[in-house]
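Analysis of the macromolecular model
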Amino acid sequence: MSAKIIDGQAIAEHVKQELRERISILQQKGIVPGLAAVLIGDDPASQVYVAMKAKAFAALGLFSETFRLPVTVDLAEVLALIDQLNSDNRFHGILVQLPLPEHLDSDRIIAQIDPQKDADGLHPMNMGRMLLGMEAPLPCTPHGILMLLKYSEIETVGKHVVVLGRSNIVGKPIANLLFQKCNPGNATVTICHTRTTNLQYLTRQADILIAAIGRPEFVRGDFIKDGTVVIDVGVNRVTAPETARGYRLVGDVKFDEVAPKAAAITPVPGGVGPMTIAMLIYNTVFLAEKALQT
Ligand SMILES: NC(=O)c1ccc[n+]([C@@H]2O[C@H](COP(=O)([O-])OP(=O)(O)OC[C@H]3O[C@@H](n4cnc5c(N)ncnc54)[C@H](OP(=O)(O)O)[C@@H]3O)[C@@H](O)[C@H]2O)c1
């Protein structure tokens, strides 16, 4: 078996293309969807992600501004900035780039964002709405995975999905979304984490395996049965002295071993990553539309 490669770049472009009409309707009403990105500290990966997001917004004629705070900033200063952004009408969405420096409480900071400006869909109120199957901005990476499955015409109804990882930004929400009574959805979901026993026994039962653990090439060929759909969320830097930058990016899945057995697989890079940015744009447009209705 040779896996179909799920092209996240192409599907992300398709999602953005579909958004153009909604953006133009908003623009005709004098509204340019705007995003405030808050970047704290000097984590190199976070800086790259925020720059990529700003570029993607500009390419669609959308407004975005990045607010940079030093790594030494205290909680009160961050909360004050969020309050200021909550009441700034130029911004329909606010994003706080994660992870944050260790001394900052990310739950507290996310909770300060106005739920109606929650571009990442991580506010407790929106996570609760998602859990209940109510309309909400959905967390970008899980939402992007749903779109990858949808546009690749991968059936989820009645399938067994195994999710590796239970983080608030990926594992918990994607597991939740896939068992909702909708399509993509209606799957039976198993969630695995560091305390899971017989992990490989479970992954071998998966029709769809979603790996989001942050462990380079952890999922090996013998973790799956033939014909599994594999979604690799991991983005890990591994040392590669032969490259100009000294590292290369790999997923949580050992691609060369897993792809020959899989029915379909996302590459790293070029799979889930581009979708996360596309869904951030999607959420900002969605929030701008909602703001217009209130
Ligand atoms: N492409 C994108 O747009 C995108 C977006 C977000 C994240 N990511 C990438 O996705 C990966 C995961 O990110 P995250 O933020 O969800 O990670 P995280 O917050 O570090 O959570 C990792 C999860 O994986 C579990 N885990 C770790 N090692 C494990 C193992 N050996 N066996 C089973 N479970 C294990 C942990 O279990 P415990 O709960 O028991 O500790 C935890 O629930 C990272 O590589 C990250 O860079 C990519």
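Details of the structure are given in the entry above.
Now for a quick tour of the structure. Sequence order as written defines residue numbering, which begins from 1 separately in each chain. Two thresholds apply to this predicted model, a pLDDT of at least 70 for residue-level local features and 80 or more for giving and counting side-chain atom pairs, whereas whole-chain, interface and lining totals are computed over all residues. Side-chain measures here rest on the full set of heavy atoms in the structure, leaving out hydrogens and waters.

With that out of the way, let us pick up the packing of helix H2 (residues 44-59) against helix H10 (residues 272-293). Helix-helix packing is described using two parameters, namely the angle between the two axes and the distance between the axes. Two elements in contact, H2 and H10, have axes separated by 10 Å at closest approach and are oriented at 55°. Between H2 and H10, the interaxial angle falls into the category oblique. Of the two elements, H2 crosses H10, and the hand of that crossing is right-handed. On H10, the residues touching Met 52, Lys 53, Ala 56 and Phe 57 of H2 are Ile 277, Leu 280, Ile 281 and Thr 284. Residue classes in the contact of H2 with H10 are distributed as 6 nonpolar, 1 polar and 1 charged. Every angle, taken between N-to-C directions, lies between 0 and 180 degrees, and every axis is a line fitted to C-alpha atoms, over only the stretch in contact when it is a helix. For helices the rule is a DSSP run of H or I covering at least 4 residues; for strands it is a run of E covering at least 2, with both sets numbered from the N terminus onward. Relative orientations are named as follows: roughly parallel for angles under 35 degrees, roughly antiparallel for angles over 145 degrees, roughly perpendicular for angles from 65 to 115 degrees, and oblique for any other angle. Less than a right angle of anticlockwise turn of the near helix away from the far helix marks a crossing as left-handed, whereas a clockwise turn marks it as right-handed. Contact definition: two residues touch when any of their heavy atoms are within 4.5 Å. Only Asp, Glu, Lys and Arg are considered charged, only Ala, Val, Leu, Ile, Met, Phe, Trp, Tyr, Cys and Pro nonpolar, and every remaining residue, Gly among them, polar.

Here the focus is the packing of helix H6 (residues 140-151) against helix H7 (residues 171-179). Interaxial distance between H6 and H7 falls to 9 Å at its minimum, and their mutual angle equals 45°. It follows from the interaxial angle that H6 and H7 lie oblique. Along this stretch, H6 crosses H7, giving a crossing that reads as right-handed. Together, Pro 142, His 143, Ile 145, Leu 146 and Leu 149 of H6 and Pro 173, Ile 174, Leu 177 and Leu 178 of H7 make up the contact between the two elements. A breakdown of the residues in the contact of H6 with H7 according to their chemical character gives 8 nonpolar, 1 polar and no charged.

The pairing criterion is simple: DSSP has to find at least two bridges between the two strands. The parallel open sheet is built from 6 strands, whose spatial order is S1-S11-S8-S7-S5-S6. Since the sheet does not close on itself, it has two edges, and those belong to strand S1 (4-5) and strand S6 (188-192), each with one partner. When strand S7 (residues 208-211) meets strand S8 (residues 229-232), the two strands line up parallel, connected through 4 bridges. Residue pairing for S8: Ile 208 is matched across the bridge by Val 229.

In these notes, residues near a molecule or strand are those with any non-hydrogen atom within 4 Å of it. Among the 21 residues in the neighbourhood of the ligand, the closest are listed as Arg 166, Ser 167, Thr 194, Val 235 and Thr 276. With respect to the ligand, the side chain of Ser 167 contributes an N or O atom lying 2.5 Å from an oxygen atom. At 3.2 Å from a nitrogen atom of the ligand is found a side-chain nitrogen or oxygen belonging to Arg 215. Residue exposure ignores everything except the shown protein chains as possible cover, and the areas themselves are Shrake-Rupley values with a 1.4 Å probe. Coverage of the ligand by the protein chains reaches 72% of its 930 Å² of free accessible surface. Top element by residues in the shell around the ligand is H10. It accounts for 3 residues. Of the residues contributing to the shell around the ligand, the split by class is 9 nonpolar, 10 polar and 2 charged. Distance and chemistry together define a polar contact, namely a pair of N or O atoms within 3.5 Å, with one atom able to donate a hydrogen and the other to accept it when in protein, and with adjacent residues in sequence counting only for side-chain atoms on both sides.

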